[in-house]
Amino acid sequence: MLSERNGKKISKIESLKDGYAVYFDDEKIIVSKKAYEQIYLFVGKELSDEEISNLIQLTSVTNGLEYAIKLLSKKRYSEMKIKEKLVNKNFNSLEINIIINDLKSKNLINDNAYAKEMIDYMNLLNYGKFKILNKLKNEGLIINALENFSDGYELLKANNQIEKLNNKYLSSSYVKKIALIRSSLVSLGFDESTIEEAIKNVDEIDEENELENLEKEFKLAILRLENKYDVKLLKEKVIKSLMGKGFDYNDILIMWEEYENEINRWIKWWWKSCWSISCR
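Computed from a prediction, not measured in an experiment: that's the story for all the values here.

I would appreciate a short explanation of the pairing of strand β4 (residues 28-32) in the present structure.
If a strand is regular, its side chains alternate between the two faces of the sheet. Two elements, strand β3 (residues 19-23) and β4, share five bridges in a ladder whose sense is antiparallel. Opposite A21, over in β4, you have I30 as the bridge partner. The loop that links β3 with its antiparallel partner β4 comprises four residues.

Okay, structure coming up:
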């Protein structure tokens, strides 16, 4: 029943697992534990419509804070990412601003510190500036790039990556290895001038290793293609496949000649064996 100040009396308060159900004659609201602790509520107390609205908002804000703090207890988040999480949970803009300001006042959100931490970590992993800047952008973090990425340090990181990439692509042809290393450095976020300088530190071609890789790829190509084509087409397909992998045309021809010679030797041996058997 309405009072003289147009308020509503609390008719019942019920304890719930995560808060309280507060009943009036014609409605019920759910109040969080923290909101309940901040506002003294009891059966018979009158609340105006504005006070009820504020109580509902306080409940939403305290729930939002608990949710955000739980997220931040597991990992770092930027202000933008926390806002996105809250929007997805259907908090309104006013509630979100209150929650964000509270988190910032407690230093639970600090975009400057987070950006520096992320830059330091990704530099430690030898990522290039473009990959780092893209990661910062995706997190909603804005920094002055010139203050964080010197040409010398970018080249040092690229050279560190070269050491690993040399080994990673050791089984590829030299031409293919250079292309793969270049592509990898682009993916790792380095600019063109840094990549061109770093490529100079790739190991020089090892002729013995190159021929070993060619022999391995040649045998695989033969196994894959020999049952599909006659000898002439097989030769074309094998040469095309191996050149596509970056091997030298003349080296491929030499290996093909060795393959043909081996086939011819086998055929001669087979005919000789058959002739010897038939003559008995």
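Additional details are given in the paragraphs that follow.
Would you mind going over the packing of aromatic side chains with me for this structure?
The relative placement of two aromatic rings is captured by the distance of their centres and the angle of their planes. Inspection of the entire model under this criterion finds five aromatic pairs. Seen from their ring centres, Y40 and F42 are 5.2 Å apart, and the 45 degrees between their planes marks the pair as tilted. A connected cluster of aromatic rings, assembled from ring pairs, spans F218, W256 and Y259. Positioned above the aromatic ring of Y23, the side-chain terminus of K12 is 5.2 Å from the ring centre. Over the aromatic face of Y77 sits the side chain of K75, whose NZ or CZ is 4.9 Å from the ring centroid.

Explain the sheet that holds β3 to me, please; I cannot follow it from the model alone.
Hydrogen bonding along the main chain pairs the strands of a sheet, whether they run parallel or antiparallel. Strand order across the open sheet formed by three strands is β2-β3-β4, with antiparallel pairing between neighbours. Sheet topology places β2 (12-15) and β4 at the edges, where each strand pairs with a single neighbour. Averaged over all pairs of adjacent strands, the angle between strand axes in this sheet comes to 25 degrees, irrespective of strand direction.

Please clarify how unusual backbone geometry should be interpreted in this entry.
Most peptide bonds take the trans configuration, and most residues that are not glycine carry a negative phi. Despite not being glycine, N90 has its phi angle at roughly 70 degrees, a positive value. Looking at the element boundaries, N90 is found in the loop between α3 (79-88) and α4 (93-105). A relative accessible area of 70% means that N90 is categorised as exposed. Phi at N107 is positive, roughly 60 degrees, even though this residue is not glycine. Exposure remark for N107: the relative accessible area of 52% places this residue in the exposed category.

What am I meant to see in the pattern of salt bridges here?
Between side chains of opposite charge, a pair can form when the charged atoms approach closely. Enumeration over the complete set of coordinates arrives at 16 salt bridges. Residues R182 and E196 are paired through a salt bridge, measuring 2.4 Å at the closest nitrogen-oxygen approach. Placement of the pair is R182 in helix α8 (residues 174-187) and E196 in helix α9 (residues 192-199), with a sequence separation of 14 residues. Overall, the relative accessible area of 29% leaves R182 in the partly exposed class. The class for E196 is partly exposed, based on a relative accessible area of 39%.

Would you mind showing me how to read the packing of helix α5 (residues 111-124) against helix α6 (residues 129-138) here?
When two helices pack together, their arrangement is captured by the angle between the axes and the distance separating the axes. The interhelical angle for the contact between α5 and α6, taken along N-to-C directions, is 150 degrees, at an axis separation of 10 Å. By the criterion of interaxial angle, the relationship of α5 to α6 is roughly antiparallel. Between α5 and α6 lies a crossing whose hand is right-handed. Note on element contacts: α6 touches α5 through K131, I132, K135 and L136, opposite A115, M118, I119, M122 and N123. Residue composition of the contact of α5 with α6, by class: six nonpolar, one polar and two charged.

Calculation rules
Residues numbered from 1 in each chain as written. Predicted model: local features only at pLDDT ≥ 70, side-chain atom pairs only at ≥ 80, totals over all residues. Heavy atoms only, no water. Pairing = 2+ DSSP bridges. Helix = DSSP H or I, 4+ residues; strand = E, 2+ residues; numbered from the N terminus. Phe/Tyr/Trp six-rings, centres within 6.5 Å; stacked < 30°, edge-to-face > 60°. Lys NZ or Arg CZ within 6 Å of the ring centre and 35° of its normal. Axes fitted to C-alpha atoms, helices over the stretch in contact; angles between N-to-C directions. Buried < 20%, exposed > 50% of the residue type's maximum accessible area, 1.4 Å probe, protein only. Salt bridge = Lys/Arg side-chain N within 4 Å of Asp/Glu carboxyl O. Parallel < 35°, antiparallel > 145°, perpendicular 65-115°, else oblique. Left-handed = near helix turned anticlockwise from the far one by under 90°. Contact = heavy atoms within 4.5 Å. Nonpolar A, V, L, I, M, F, W, Y, C, P; charged D, E, K, R; others polar.

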